Amino acid sequence: MKLLGKILLIFFSLVVLIAFSMGTSYLLPQPFSNINIIFLILIIIMMARDSGLVVWISFFIHFFIELYSSTPFGLILFSGTISILIIFWLYKNIFTNRSWYSAMALSVLALLLYRLLYLSVLTLLQLFELTSLTLKKITFITFGWEILFTCLLTGLIYFVLSQFFKSFKASPIENGLFKV
Amino acid sequence: MKTKLKTLISITIVIILTIVFHFAGWLSPVENFLHSLVKPGSELMYSISVSENSEDVELFSNNKKLIQAYKDLKTELLENKINLAELQLLQEENQELKKQLNFVESNKYLSVGVNVIGKNTEPTGNTLIVDRGKKDNIELGNIVITEKGVLVGKITSVDDHFSIVRLINDNQSKIAGTIINQEKSIGLVEGGYGISVHMNFVPQNEILTVGDTVVTSGLEEGIPRGLLIGKIEAIEKEAYQPFQKAVISPFVNLEKIILASIIIDTDNSN
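First, a word on what this report is: a plain description of the structure on this page. This structure is a prediction, so every number in the text was calculated from the model and none was measured.

Parameters and conventions
Within each chain, residue numbers correspond to sequence positions counted from 1 in written order. Throughout, the order in which chains and ligands are written sets their labels, letters from A for the former and numbers from 1 for the latter. Under the rules for a predicted model, residues below a pLDDT of 70 receive no local features and side-chain atom pairs below 80 are neither given nor counted, while totals for whole chains, interfaces and linings still include all residues. Segments assigned H or I by DSSP are reported as helices when at least four residues long, segments assigned E as strands when at least two residues long, and all are numbered from the N terminus. In this setup the radius of gyration rests on C-alpha atoms only. A globule is expected at 2.2 Å times the number of residues raised to 0.38. For the exposure call, what matters is how many other C-beta atoms sit within 10 Å of a residue's own: 20 or more marks it buried, 12 or fewer exposed, and in between partly exposed, using C-beta atoms placed from the backbone. Here the contact rule is simple: place C-beta atoms from the backbone, and any two residues whose C-beta atoms are within 7 Å are in contact. The classification used treats Ala, Val, Leu, Ile, Met, Phe, Trp, Tyr, Cys and Pro as nonpolar, Asp, Glu, Lys and Arg as charged, and all other residues, Gly among them, as polar. The criterion for strand pairing is that DSSP finds at least two bridges linking the strands in question.

## Some details on the overall build of chain A
And step 1. When helices and strands are counted, chain A shows 6 helices and 2 strands.
And step 2. Scanning chain A from its N terminus toward the C terminus, one meets helices and strands in the order α-α-α-α-β-α-α-β.
And step 3. Taking 16 Å as the expected radius of gyration for a compact globule of 180 residues, we find that chain A reaches 17 Å, a close match to that expectation.
And step 4. Overall size of chain A, expressed as C-alpha extent along the three principal axes, is 50 × 40 × 35 Å.
And step 5. Among the 180 residues that make up chain A, the fraction classed as buried is 39%.

Structure follows, in structure tokens:
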């Protein structure tokens, strides 16, 4: 019963997160609407919980986002989930501590990786003539805004959270390769 | 390292299976359920984002004696505002529907009225989500118009209960257009330039004027001739280029569309 409650709570939180992400994108003016709330929250969850569950949360959220997207199905799902998986490994094995600046660095790396995977898969799909989707200069400018604002907001939110919650205080992470 | 590789492979397999199941249609019940969960929230937020009412901010002094009276009045005011907003929305909706019906009836197109319930969250495109899908006979490539036949975009993805519209300013959008000038210049109206669209491949020797109207040329299958696209804002002409380019400002604000019509049959004469 407890487990069911937990699952329902996680599910409900994810739906709220998706709605919140859509709200940000709809309500904020350009270029602020490019903030990637999904990655921001995933990185905060990753650093707070230290759990691989974040990869499955990412899978579910990106599956959902995919339903509302005009890109070939799987593009966002694959890039989003795999980039969070790789970032989780980087966080566990390379990053040495929890701090606002590691949160910022992780968000930049995560988004760079996400867009890199996105472009690679897109190029592959174009090679096999499975899509006619091509990107123009303006899209890359948008990617830049996305990385800049998401990184700044992640750092800020992490800093604020670290003032109130113990789990966000600057500390070395468990299982880190290079503990200080 | 081995464990990591195993994890990577297992997640990739799950993703591939999800993609296969999606295309096989086995995930439709789950997808429809998820869609129905978020639809009300998305619709609400989208309608807030397009509404221009920003007069709700009230400054209030710190005087404690006034607080209670203010709160009571505020509650009353809020109720009135809700009623008024609903009324205004209904009025706007009514007017817009009348205009659309007028256009569609006069042109004998078979169409379906749709509500816009959201837009893209990914920065790679400009799309809208509308609340009708396959069950309402909507198909890929159907065109979407607003009042008086202003072209908004094309259907690019259809689900059972919702569809995605690729707006004319999306970077993938390409529509054959004609300029209402002496030569009836034709060209390709392309998106991907922010809020404006460009009309490319217009021969150099044809005379374009700022303010000229651009309509669909009818050269494309499924898109009738004469749907309004926008008007010319600027002309870019280089002496060494075989073609000139026109910067077009669309007739409707593509960020503020609430209601639209999808033309599902252009040959219908009912």
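Text resumes after the structure shown.
## Considerations on the interface of chain A and chain B
And step 1. Opposite the 35 residues of chain A that make contact, chain B presents 38 residues.
And step 2. Those elements giving two or more residues to the side of chain A that touches chain B turn out to be helix 1 (2-27), helix 3 (53-67), helix 4 (75-93) and helix 6 (137-164) of chain A.
And step 3. Looking at the side of chain A that touches chain B, the element that brings in the most residues is helix 1 of chain A, giving 9 residues.
And step 4. The residue makeup of the side of chain A that touches chain B, split by class, is 22 nonpolar, 11 polar and 2 charged.

## Digging into the environment of N34 of chain A
And step 1. Within the element layout of this structure, N34 of chain A appears in the loop between helix 1 and helix 2 (37-49).
And step 2. Spatially, the C-alpha atoms of N34 of chain A and F149 of chain A are 7.6 Å apart, while their sequence positions differ by 115 residues.
And step 3. Discounting chain neighbours no more than four positions away, the residues touching N34 of chain A are T142, W145, E146 and F149 of chain A together with P123 of chain B.

## A word on the pairing of strand 9 (residues 213-216) of chain B
Residues and elements named next belong to chain B.
And step 1. Both strand 6 (residues 174-179) and strand 9 contribute to a ladder of 3 bridges, which runs antiparallel. If you follow I179 over to strand 9, its bridge partner there is V214.
And step 2. Pairing geometry for strand 9 and strand 10 (residues 228-236), over 3 bridges, is antiparallel. Looking at strand 10, one finds that T213 is bridged to K231.

## Thoughts on the pairing of strand 11 (residues 243-250) of chain B
Residue and element names in this part refer to chain B.
And step 1. Only one face of strand 11 is buried: it carries Q244, A246, I248 and P250, and the other face, with F243, K245, V247 and S249, is open.
And step 2. Inspection of the sheet shows strand 8 (residues 196-203) paired to strand 11 by 5 bridges, in the antiparallel sense. The residue of strand 11 that forms the bridge with V197 is I248.
And step 3. Hairpin remark: strand 10 followed by strand 11, antiparallel, with 6 residues in the connecting loop.

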